[in-house]
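An overview of the molecular structure
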Amino acid sequence: EAGVAQSPRYKIIEKRQSVAFWCNPISGHATLYWYQQILGQGPKLLIQFQNNGVVDDSQLPKDRFSAERLKGVDSTLKIQPAKLEDSAVYLCASSLESQGTQYFGPGTRLLVL
Amino acid sequence: AQSVAQPEDQVNVAEGNPLTVKCTYSVSGNPYLFWYVQYPNRGLQFLLKYITGDNLVKGSYGFEAEFNKSQTSFHLKKPSALVSDSALYFCAVTPLQGFQKLVFGTGTRLLVSP
């Protein structure tokens, strides 16, 4: 079965610019997650969707980050405007159900200059 | 809130020797525990998980983990290390009951020398 797909793989932008990341989960997986992984740290959950509804966005910096999963399948994470400290790898994961085993995509490496 | 500690930033082991990567956790109630591995420029790959039952869990690529409730530990083990096992390993925990997000440790880099 195909895994979690993410694009782009790499992105370099200047601070105050905007950027968007795309994720397509494993087919049939109802739950989708976006994580931020800063160098030297473990992944930190930004937002969790159950189908197209938000379950947890408590750690999403809502003044600059937004995410949507309109049809309950693929999802987009946006940063506007970007800050230097947003440089990180953004990982998307999906699971069959909430609390199920999460399967991760390859990630998008973002560098903000 | 749940938390994970991986006390070693790096573990060095010679090929063919047994390896252990340590993890301790804190959670309310019973834990749901995971190990993931991350290779360079790749996402996290699921290795194994513990929900309930036998304290020794077997996973992918010959890895296993031992759950110890009294010590709140979930150490990752492999009887004979391979050079290709060199990677970054993450332990993660969430409470078994109720919705809480999965919390990851800071990771342990495993270096297996030939």
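In the block above lies the structure referred to throughout.
About the thresholds
Residues numbered from 1 in each chain as written. Chains lettered and ligands numbered in written order. Predicted model: local features only at pLDDT ≥ 70, side-chain atom pairs only at ≥ 80, totals over all residues. Heavy atoms only, no water. Helix = DSSP H or I, 4+ residues; strand = E, 2+ residues; numbered from the N terminus. Rg over C-alpha atoms; globule rule 2.2 N^0.38 Å. Pairing = 2+ DSSP bridges. Axes fitted to C-alpha atoms, helices over the stretch in contact; angles between N-to-C directions. Patch = residues over 30% accessible without salt bridge, like charges linked within 9 Å, V, L, I, M, F, W, Y side chains within 5 Å. Areas by Shrake-Rupley, 256 points an atom, 1.4 Å probe, with all protein chains shown as cover. Salt bridge = Lys/Arg side-chain N within 4 Å of Asp/Glu carboxyl O. Contact = heavy atoms within 4.5 Å. Buried area = accessible area lost by both parts, 1.4 Å probe. Polar contact = N/O pair within 3.5 Å; in protein donor to acceptor, adjacent residues only side chain to side chain. Nonpolar A, V, L, I, M, F, W, Y, C, P; charged D, E, K, R; others polar. Buried < 20%, exposed > 50% of the residue type's maximum accessible area, 1.4 Å probe, protein only. Phe/Tyr/Trp six-rings, centres within 6.5 Å; stacked < 30°, edge-to-face > 60°.

1. Description of the overall build of chain B
The secondary structure content of chain B amounts to 0 helices and 12 strands. The linear arrangement of helices and strands in chain B, starting from the amino end, is β-β-β-β-β-β-β-β-β-β-β-β. In terms of overall dimensions, chain B is globule-like: its C-alpha atoms have a radius of gyration of 14 Å, near the 13 Å expected for 114 residues. Its C-alpha atoms give chain B principal-axis dimensions of about 45 × 30 × 20 Å.

2. Quick notes on the sheet that holds strand β3 (residues 19-24) of chain A
Residue and element names in this part refer to chain A. The strand order across the open sheet formed by 4 strands is β1-β3-β8-β7, and the pairing between neighbours is antiparallel. Strands at the two margins of the open sheet, each flanked by one partner only, are β1 (5-7) and β7 (65-68). The sheet shows a mean angle of 15° between the axes of neighbouring strands, taken without regard to direction. Of the pairings in the sheet, the one linking β3 to strand β8 (residues 75-79) comprises 5 bridges and is antiparallel in character. Directly across from valine 19, in β8, lies its bridge partner isoleucine 79.

3. Considering a nonpolar patch on the surface
Taken together, A:Ile12, A:Leu111 and A:Leu113 make up a surface patch of nonpolar side chains, about 300 Å² in accessible area. Considering the arrangement of structural elements, one finds A:Leu113 in the segment after β11 (108-112).

4. Overview of the interface of chain A and chain B
Taken together, the contacts link 25 residues of chain A with 21 residues of chain B. In total, chain A and chain B occlude about 1600 Å² of area from one another, counting both sides; carbon and sulfur atoms represent 51% of this. Among the residues chain A hides against chain B, the three largest losses belong to A:Gln99, A:Thr101 and A:Phe104. Together they make up 34% of the total. Joining chain A to chain B, the criterion identifies 0 salt bridges. Put simply, chain A and chain B have 3 residue pairs in polar contact (both at pLDDT 80 or more) between them. Looking at the side of chain A that touches chain B, the elements that each hand over two or more residues are β4 (31-37), β5 (44-50), β6 (53-56) and β10 (103-104) of chain A. Residues of the side of chain A that touches chain B, tallied by class, amount to 9 nonpolar, 13 polar and 3 charged.

5. Some points on the pairing of β5(A)
Residues and elements named next belong to chain A. Counting buried residues along β5, 5 of its 7 residues qualify, which places the element largely inside the surrounding structure. By the bridge criterion, 6 bridges tie β4 to β5 in an arrangement that is antiparallel. Bridging from a neighbouring strand, tyrosine 33 pairs with glutamine 48 of β5. Count of turn residues in the β4/β5 antiparallel hairpin: 6 residues, of which glycine 40 carries a positive phi of about 85°. In the sheet, β5 pairs with β6 via 3 bridges, with the strands oriented antiparallel. The residue bridging glutamine 48 from the neighbouring strand is aspartate 56, located in β6. The antiparallel hairpin formed by β5 and β6 contains 2 residues in its connecting segment, where asparagine 51 sits at a positive phi of about 55°.

6. Things to note about the packing of aromatic side chains
Under the defined criterion, the tally for this structure stands at 17 aromatic pairs over all chains. Residues A:Tyr35 and A:Phe104 carry aromatic rings whose centres are separated by 5.4 Å and whose planes lie at 40° to one another, so their mutual orientation is tilted. You can see A:Tyr35 sitting in strand β4 and its partner A:Phe104 sitting in strand β10, a full 69 residues away along the chain. As far as the burial class goes, A:Tyr35 and A:Phe104 line up, both buried. Seen from their ring centres, B:Tyr36 and B:Phe46 are 5.9 Å apart, and the 65° between their planes marks the pair as edge-to-face. Here B:Tyr36 is found in strand β5 (residues 31-38), whereas its partner B:Phe46 is found in strand β6 (residues 44-50), with 10 residues between them in sequence. Take B:Tyr36: its relative accessible area is 0%, and that puts it in the buried class. We classify B:Phe46 as partly exposed; its relative accessible area is 22%. Through successive ring pairs, a cluster of aromatic residues spans A:Tyr33, A:Tyr35, A:Tyr103, A:Phe104, B:Tyr32, B:Phe34, B:Tyr36, B:Phe46 and B:Phe104.

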